[in-house]
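# Report on the structure
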Amino acid sequence: MLVDLEKIFRSLLAFLYFGIFVAADVPRPRGVSLSLASLYAPSDTFTCLDGKLTIKYTQVNDDYCDCEDSSDEPGTSACPNGKFHCENTGHQSMVIPSSRVNDGVCDCCDASDEYASKAECTNNCDELGQEARQRQKVMADLLKRGSLIRSEMSTKGKALKEEQSSRLNTIQQSIDQADALKNEKEKIKEAAEKLESAALEMYKQIIDEEKQRKADLAAQENRAEAEEKFKLFDSNGDGVIEISEITTRVQFDSNRDGQVDEEEAKYFLDHHDQVDLETFVTLCWPRMKPYLMLDAGLFKPPAKTEEVEAKHEETIREEEAHEDGEIAELQNEEDAETFDEEETGEGEVEQVEAPSGDPEYDEETKRLIEEATKARSDFEAAQRELRDLEAEKRQIDELLNKDYGPHEEFAILNGECFEYEDREYIYRLCPFDRAVQKPKDGGETRLGGWDRWDGKPNKYSTMLYSNGAGCWNGPQRSTIVELDCGLDNRVTAVSEPNRCEYLFKFETPAACIHSPHVDSDAATGHDEL
Ligand code: MAN
């Protein structure tokens, strides 16, 4: 009892005279943390912590700086580099520069830094501590739930990788088989095509002759038709067609102004005043025929070639310049009617001929064509099969070569995309592939392709996407993705801290690392799930 009283008395004395108070049963000067208390144990003398000077114990916290290392004034602002420790019971203790002691600003939640100042600091450590503990609890809860999902993601990721690597083992075999099959089909195709072309060679002459015969027939028919029209248009039967015999034919009203004027007529007469049968057949008829068919509703208007059109226009302009001729009247209504009847009469106007088909082949040739056709399509199918397998192999190789986290927990994000929309853009993040920006009314801009994990100290806390679309007068766009623990996979924010350098915030359970030990281990890939 006596001892206790003495202890209290000594402590009180120390508090009054030397700024010493008692905390956690260890008496120590003001501003000293529990861990340093033994170095400040009450005694007659005090040795500066750097060991350079020993002073009287009463000189500790006497508001005069004795030690070079500022260690004699932990509870006053006398030393330039002093450290003041506040206990902050109920919350977290902290260390502040001792220059802030009694500076009129409340730094410590237990108000201990302003023990002799006018600042009316109150101790709110309990409230702050409670809030902090609540936040920690929420965070711990999130981490706990998130890490459960993370371990499911990891299980799925591992299964996916295993599945893919065993597929890789079998796919090479399938590729080899498909390649052999393709070669075999190629040989069959070549052999079948050889037989097919030998058989067709015999028909080549027949086909060419048939083509020639058809062309001759068409030319004859065309000439017969031209001669017939010549006779019809030569209404006075004098063996030539004159302008006046054309101006009466409404079919030649090429500008559709209700009459056929001289220029129009001259165009169809190849700019002659009159033409005989031969000139008509070779020069005029090719111009007239499409118009006559058009008039009879059997043909679409010919697109005049630019050259012909230009020439026609030019002629009209030239002729307008010295035009004094009268407009010919419809000379013979009967003729026009006859023409119309003839032109619209069924079967009178040549229809556009369908391209001639294949000749009738003999049975053996037909069989060879069929076989070659089948061999071609079998070969193409074998080729496609091989290409598909090779593409699949490339995809698997790529997938297996990516780092999906120490426990493959990020693997199932590969192939998924997540969008974020702000006022101006829609952003899309496809993990392990690319980041994209799309203005609401425009095309996509690539903000970078998957490059690597780039977090420090936890490598798996940050992703880097680089080599995006070039920035106007600047570098190629790039994107950093910062990962946070969340129960869902989602982009929560996008910003552009520097021009063409983007920052995505991405929440994912794969970033929920439950225990602090695990946290540091994650960087090296040794955490326990
Ligand atoms: C576009 C967008 C912006 C970027 C500019 C740079 O407008 O990609 O994010 O800053 O180009 O010119």
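Residues numbered from 1 in each chain as written. Predicted model: local features only at pLDDT ≥ 70, side-chain atom pairs only at ≥ 80, totals over all residues. Heavy atoms only, no water.

In this section: the nonpolar core. If you look at the biggest cluster of nonpolar residues, it comprises 27 residues, and the most contacted ones within it are F410, L429, V481, F504 and F506. Those elements giving two or more residues to this core turn out to be strand 10 (425-430), strand 12 (445-453), strand 13 (462-466), strand 14 (478-485), strand 15 (490-498) and strand 16 (501-508). When near neighbours in sequence (up to four residues on either side) are disregarded, F504 contacts Y427, R428, L429, A435, L447, T479, I480, V481, E482, V491, A493 and V494. Core analysis: the next-biggest nonpolar cluster, separate from the first, contains 21 residues, A226, A265, W285 and M288 among them. (Core = buried A, V, L, I, M, F, W, Y, C linked by side-chain atoms within 4.5 Å. Buried < 20%, exposed > 50% of the residue type's maximum accessible area, 1.4 Å probe, protein only. Helix = DSSP H or I, 4+ residues; strand = E, 2+ residues; numbered from the N terminus. Contact = heavy atoms within 4.5 Å.)

Take the pattern of salt bridges next. The tally for this structure, following the rule as stated, stands at 33 salt bridges. For E210, the salt bridge goes to K214, with nearest N and O atoms at 3.9 Å. Of this pair, E210 and K214 both sit in helix 2 (residues 125-233), four residues apart, which is roughly one turn of the helix. (Salt bridge = Lys/Arg side-chain N within 4 Å of Asp/Glu carboxyl O.)

Between helix 2 and helix 8 (residues 363-401), whose axes approach to 6 Å, the crossing angle comes to 160 degrees. Taken together, the axes of helix 2 and helix 8 lie roughly antiparallel to each other. Taken as a pair, helix 2 and helix 8 cross one another with a handedness that is left-handed. Tallied by class, residues from the contact of helix 2 with helix 8 come to 22 nonpolar, six polar and 17 charged. (Axes fitted to C-alpha atoms, helices over the stretch in contact; angles between N-to-C directions. Parallel < 35°, antiparallel > 145°, perpendicular 65-115°, else oblique. Left-handed = near helix turned anticlockwise from the far one by under 90°. Nonpolar A, V, L, I, M, F, W, Y, C, P; charged D, E, K, R; others polar.)

To continue, consider the site of the ligand. All residues in the neighbourhood of the ligand are listed as Y425, Q437, C471, R477, E496, R499, C500 and Y502. Within the contact set of the ligand, an oxygen atom lies 3.1 Å away from a side-chain nitrogen or oxygen of R499. The protein chains hide 69% of the 310 Å² of surface that the ligand would expose on its own. In terms of residue class, the shell around the ligand is made up of four nonpolar, one polar and three charged. (Near = heavy atom within 4 Å. Polar contact = N/O pair within 3.5 Å; in protein donor to acceptor, adjacent residues only side chain to side chain. Areas by Shrake-Rupley, 256 points an atom, 1.4 Å probe, with all protein chains shown as cover.)

What follows is about the state of the cysteines. This structure, assessed with the given rule, holds eight disulfides. In this model C65 forms its disulfide with C79; the gap between the sulfur atoms is 2.0 Å. What sets the handedness of the C65 and C79 disulfide is the S-S torsion sign, and at about 105 degrees it is right-handed. With C65 in the loop between strand 4 (54-56) and strand 5 (83-86) and C79 in the loop between strand 4 and strand 5, this pair connects stretches of sequence that are 14 residues apart. Judged by its relative accessible area of 24%, C65 is partly exposed. (Disulfide = S-S within 2.5 Å.)

Read these as geometric descriptors, not functional statements.
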